[in-house]
Amino acid sequence: QVQLVESGGGLVQAGDSLRLSCAASTRTFSTYVVGWFRQAPGKEREFVAAIRWNGITTSYADSVKGRFTISRDNGKNAVYLQMNSLKPEDTAVYYCASAVRIRVAITSRSEYEYWGQGTQVTVAS
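So, how was this worked out
- Residues numbered from 1 in each chain as written.
- Predicted model: local features only at pLDDT ≥ 70, side-chain atom pairs only at ≥ 80, totals over all residues.
- Heavy atoms only, no water.
- Disulfide = S-S within 2.5 Å.
- Helix = DSSP H or I, 4+ residues; strand = E, 2+ residues; numbered from the N terminus.
- Buried < 20%, exposed > 50% of the residue type's maximum accessible area, 1.4 Å probe, protein only.
- Pairing = 2+ DSSP bridges.
- Salt bridge = Lys/Arg side-chain N within 4 Å of Asp/Glu carboxyl O.

Which parts of the structure should I look at to understand the state of the cysteines?
Every disulfide links exactly two cysteines, by a covalent bond between their sulfur atoms. Applying the stated criterion across every chain, the model contains one disulfide. Each sulfur in the disulfide pair Cys 22 and Cys 96 lies 2.1 Å from the other. Residues Cys 22 and Cys 96 share a disulfide whose torsion about the S-S bond is about 60 degrees; that sign makes it right-handed. Highlighted residues: Cys 22 in strand 3 (residues 18–24) and Cys 96 in strand 9 (residues 92–99), separated in sequence by 74 residues. For Cys 96, a relative accessible area of 0% puts it in the buried group.

Quick question: what am I supposed to make of the pairing of strand 9 here?
Side-chain positions along a regular strand alternate between the two faces of the sheet. Counting buried positions along strand 9 yields seven of eight residues, so the element is predominantly enclosed. Summarising the sheet, strand 4 (residues 33–39) and strand 9 pair through seven bridges and their orientation is antiparallel. Bridge pairing in strand 9 places Gln 39 opposite Val 93. Sheet topology note: the strand 9/strand 11 (residues 119–124) ladder contains three bridges and is antiparallel. Residue pairing for strand 11: Tyr 94 is matched across the bridge by Thr 119. Both strand 9 and strand 10 (residues 114–115) contribute to a ladder of two bridges, which runs antiparallel. For Ala 97, the partnering residue across the bridge sits in strand 10 and is Trp 115.

Please explain the pattern of salt bridges as it appears in this structure.
Oppositely charged side chains can form a pair if their charged atoms are brought close together. Applying the stated rule across the entire model yields six salt bridges. Between Arg 109 and Glu 44 there is a salt bridge, with its nearest N and O atoms 3.8 Å apart. A residue pair is termed long-range when its members are at least 10 positions apart, and Arg 109 in the loop between strand 9 and strand 10 and Glu 44 in the loop between strand 4 and strand 5 (46–51) qualify at 65 residues. Owing to a relative accessible area of 63%, Glu 44 belongs among the exposed residues under this scheme. One salt bridge in this structure joins Lys 65 and Asp 62, with 3.1 Å as the shortest N-O distance. The structure contains a network of salt bridges with shared partners spanning Arg 38, Glu 46, Arg 67 and Asp 90.

Would you mind showing me how to read the pairing of strand 8 (residues 78–83) here?
Across the six residues of strand 8, five count as buried, placing the element largely inside the fold. Looking at chain direction, strand 3 and strand 8 are connected through six bridges and run antiparallel. Across the sheet, the residue bridging to Arg 19 is Gln 82, located in strand 8. Relative to strand 8, strand 7 (residues 68–73) runs antiparallel, the two sharing six bridges.

See below:
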């Protein structure tokens, strides 16, 4: 069982930055794919970004490409999401999730076995 805890959310103004963190309870986390997803009120949970175990291979949703950066520190069992140039449409609960391996699509929620409880990000216009 892997426990994931997100932190770093908050209320910011459009154009501001936030850095989300995802801390894991197990060292094997360093071998997992980790993704960030978000869910806005009344909408489905959607893929934001993901990073493979090597910390080099990353994927991003088109809506955040160029503004968000995912990174990881395997020594600290942590993954980060640096969010710059935030927009009101980025407002959502952000979740981190981990996958032992990706079978089909790194962007698919069904690939991820473990999820955190989420952290709220609110961007005011």
